[in-house]
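# A look at the structure
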Amino acid sequence: MEKVVIMGTGCAGLTAALYTARANLNPLVLTGIMPGGLLTTTSIVEHYPGFREGIDGYELMVRMQKQAERFGARVQHACVEAVELKKRPFVLTVDGERVETETLIIASGASHRHLGLESEHKLEKKGVTYCATCDGALPMFRNQPLVVVGGGDSACEEATYLTRFASTVYLVHRRDTLRASKVMAARTLMHKQIKPIWDSVVTEVLDVAQDKVTAVRIKNLKTGAQTVLDAAGLFVAIGHIPNTQLFKGVIDRDQGGYIIPRKGAATNIPGVFVAGDCADSVYRQAVTAAGMGCAAAIDAERYLAALNE
């Protein structure tokens, strides 16, 4: 019988692990399909406090995990396949095994949003990707024109990172201004290798017949005109979808699928708490996720204390 099980090892999950471990609750932390969360795909994190020169996203998550493990957190590379939360103890199916727990902290994060094109799906991992820091340095992309779709901080970071390898980076955005922070937008638009393409969307990825990306078809939303951009790769950075499908009909979620916290980090089910990007559609920052993880851990600790455990 576990006292605390934490789903997710991003900033929220590992902070919750640190706090519950220091409270001698010996938490079991399940990594899910992406250990470390989306931050592991970020090259440089400049806005997490305490790192004057910034820090590699993967390195930050490794440090967080080792810190939590130092106090007794147990990290298991496993995925939760099913949950039974109608009564305590809660029952989780973890890689086919039954796990019982008194409390559950959901910090399952979010996944990359896709364009929804058939050609995008068929050419995924064949030139279509969702992580520049993961794939940008591949030989197939070097000294080639590349396309990034999106207008937020993530898209700007992807485009800027890709200038290290690409001949040209086209930044395709459906509006005429970037949604990114002013600093990030200015840095991106000043870069000589980045060429913005405004008021446009990608309607097709070419060429499925060749089984690799050779170009993308672009449509201007104002004029309707369509053009083809030669490119060796398409990097999609248009946001995220919360990883909460497992809790549909069980945990209260909003229309976007984000779990709705009640008082503090509590959900509609007593003993189940939530933290991080799976419950945050507004801020979605590493530091806010960490803060939510702290809150969820404290709430879980107090919940157990109230049960005289």
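Residues numbered from 1 in each chain as written. Predicted model: local features only at pLDDT ≥ 70, side-chain atom pairs only at ≥ 80, totals over all residues. Heavy atoms only, no water.

### Quick word on the overall build of the protein
- A count of helices and strands for the protein gives seven helices and 17 strands.
- The C-alpha atoms of the protein give a radius of gyration of 21 Å, which matches the 19 Å a tight globule of 309 residues would have.
- On the principal axes, the C-alpha backbone points of the protein span a range of 65 × 40 × 35 Å.
- With 309 residues in all, the protein has 49% of them scored as buried.
- Counting only contacts in the protein whose residues sit at least 6 apart along the sequence, the fraction spanning at least 24 positions is 57%.
- A total accessible area of about 15,300 Å² is found for the protein, and carbon and sulfur atoms account for 50% of it.
- Counting 34 positive and 32 negative side-chain charges, the protein places the centres of these two groups 4 Å from one another. (Helix = DSSP H or I, 4+ residues; strand = E, 2+ residues; numbered from the N terminus. Rg over C-alpha atoms; globule rule 2.2 N^0.38 Å. Buried < 20%, exposed > 50% of the residue type's maximum accessible area, 1.4 Å probe, protein only. Contact = heavy atoms within 4.5 Å. Areas by Shrake-Rupley, 256 points an atom, 1.4 Å probe, with all protein chains shown as cover. Lys, Arg positive; Asp, Glu negative; His and termini not counted. Charge placed at Lys NZ, Arg CZ, Asp CG, Glu CD.)

### Description of the sheet that holds strand β13 (residues 215-220)
- The antiparallel open sheet is built from three strands, whose spatial order is β12-β13-β14. Edge positions in the sheet fall to β12 (200-206) and β14 (226-230), since each of these pairs with one other strand and no more. Ignoring which end each strand starts from, the neighbouring axes of this sheet average 30° apart.
- As paired elements, β13 and β14 share five bridges and run antiparallel to each other. From the neighbouring strand, Arg 217 faces β14, where its bridge partner is Val 228. (Pairing = 2+ DSSP bridges. Axes fitted to C-alpha atoms, helices over the stretch in contact; angles between N-to-C directions.)

### Comments concerning the nonpolar core
- Ranked by internal contacts, the top residues of the largest apolar core, which has 35 residues, are Cys 11, Tyr 48, Ile 105 and Phe 273.
- Elements represented by at least two residues in this core include exactly β1 (2-7), α1 (11-22), α2 (57-70) and α7 (286-306).
- Here this core takes eight residues from α7, the largest share from any one element.
- Apart from residues no more than four positions distant in its own chain, Tyr 48 is found in contact with Cys 11, Leu 60, Met 64, Ala 286, Val 287 and Ala 290.
- Core analysis: the second largest hydrophobic core is formed by 22 residues, Leu 92, Val 94, Ile 259 and Val 272 among them. (Core = buried A, V, L, I, M, F, W, Y, C linked by side-chain atoms within 4.5 Å.)

### Focus: a positive patch on the surface
- On the surface, Arg 113, Arg 174, Arg 175, Arg 179 and Arg 284 cluster together into a patch of positive charge.
- Structurally, Arg 174 is set in the loop between β10 (168-172) and α6 (182-189).
- In this structure Arg 174 comes out as partly exposed when scored by relative accessible area, which is 48%. (Patch = residues over 30% accessible without salt bridge, like charges linked within 9 Å, V, L, I, M, F, W, Y side chains within 5 Å. Salt bridge = Lys/Arg side-chain N within 4 Å of Asp/Glu carboxyl O.)

### Points about the packing of α1 against α2
- Contact geometry for α1 and α2: axes closest at 8 Å, N-to-C directions at 20°. The angle between α1 and α2 falls in the class roughly parallel. The interaxial crossing formed by α1 with α2 has left-handed handedness. Only Met 61, Met 64, Gln 65, Gln 67 and Ala 68 of α2 make contact with α1, whose side of the interface consists of Cys 11, Leu 14, Ala 17, Leu 18 and Ala 21.
- A class-by-class count of the residues in the contact of α1 with α2 yields eight nonpolar, two polar and no charged. (Parallel < 35°, antiparallel > 145°, perpendicular 65-115°, else oblique. Left-handed = near helix turned anticlockwise from the far one by under 90°. Nonpolar A, V, L, I, M, F, W, Y, C, P; charged D, E, K, R; others polar.)

### A look at the pattern of salt bridges
- With the rule as written, the count across this model stands at 11 salt bridges.
- The residue Arg 63 makes a salt bridge to Glu 59 at a minimum N-O spacing of 3.1 Å. With a gap of four residues between them, Arg 63 and Glu 59 both fall in helix α2, about one helical turn apart.
- Note on Arg 63: relative accessible area 44%, which makes it partly exposed.
- Looking at Glu 59, the relative accessible area reads 33%, which means it is partly exposed.
- Between Glu 204 and Arg 217 there is a salt bridge, with the nearest N and O atoms lying 3.1 Å from each other. In this pair, Glu 204 is assigned in strand β12 and Arg 217 in strand β13, connecting sequence segments 13 residues apart.

### Here we look at the side chain of Asp 280
- Among the structural elements, Asp 280 can be located in the loop between β17 (272-274) and α7.
- Arg 284 provides the closest opposite charge to the buried, salt-bridge-free Asp 280, at an N-O distance of 6.0 Å.
- Only 2.7 Å separates the side chain of Asp 280 from the backbone nitrogen of Arg 284, close enough to count as a polar contact.
- Ignoring any residue separated from it by four or fewer positions in sequence, one finds Asp 280 in contact with Tyr 258, Thr 288 and Met 292. (Polar contact = N/O pair within 3.5 Å; in protein donor to acceptor, adjacent residues only side chain to side chain.)

### Observations concerning the sheet that holds strand β15 (residues 233-236)
- Across the sheet, five strands lie side by side as β8-β15-β9-β10-β11; this open sheet has parallel pairing. Unpaired on one side and paired on the other, β8 (128-129) and β11 (194-197) mark the two borders of the sheet.
- The sheet contact formed by strand β9 (residues 145-149) and β15 spans four bridges and is parallel. Its bridge partner lying in β15, Val 149 is registered against Val 236.
- Strands in contact with helix α5 (residues 153-162) are β9, β10, β11 and β15; relative to β9, the strand with the most contacts, it is inclined by about 170°.

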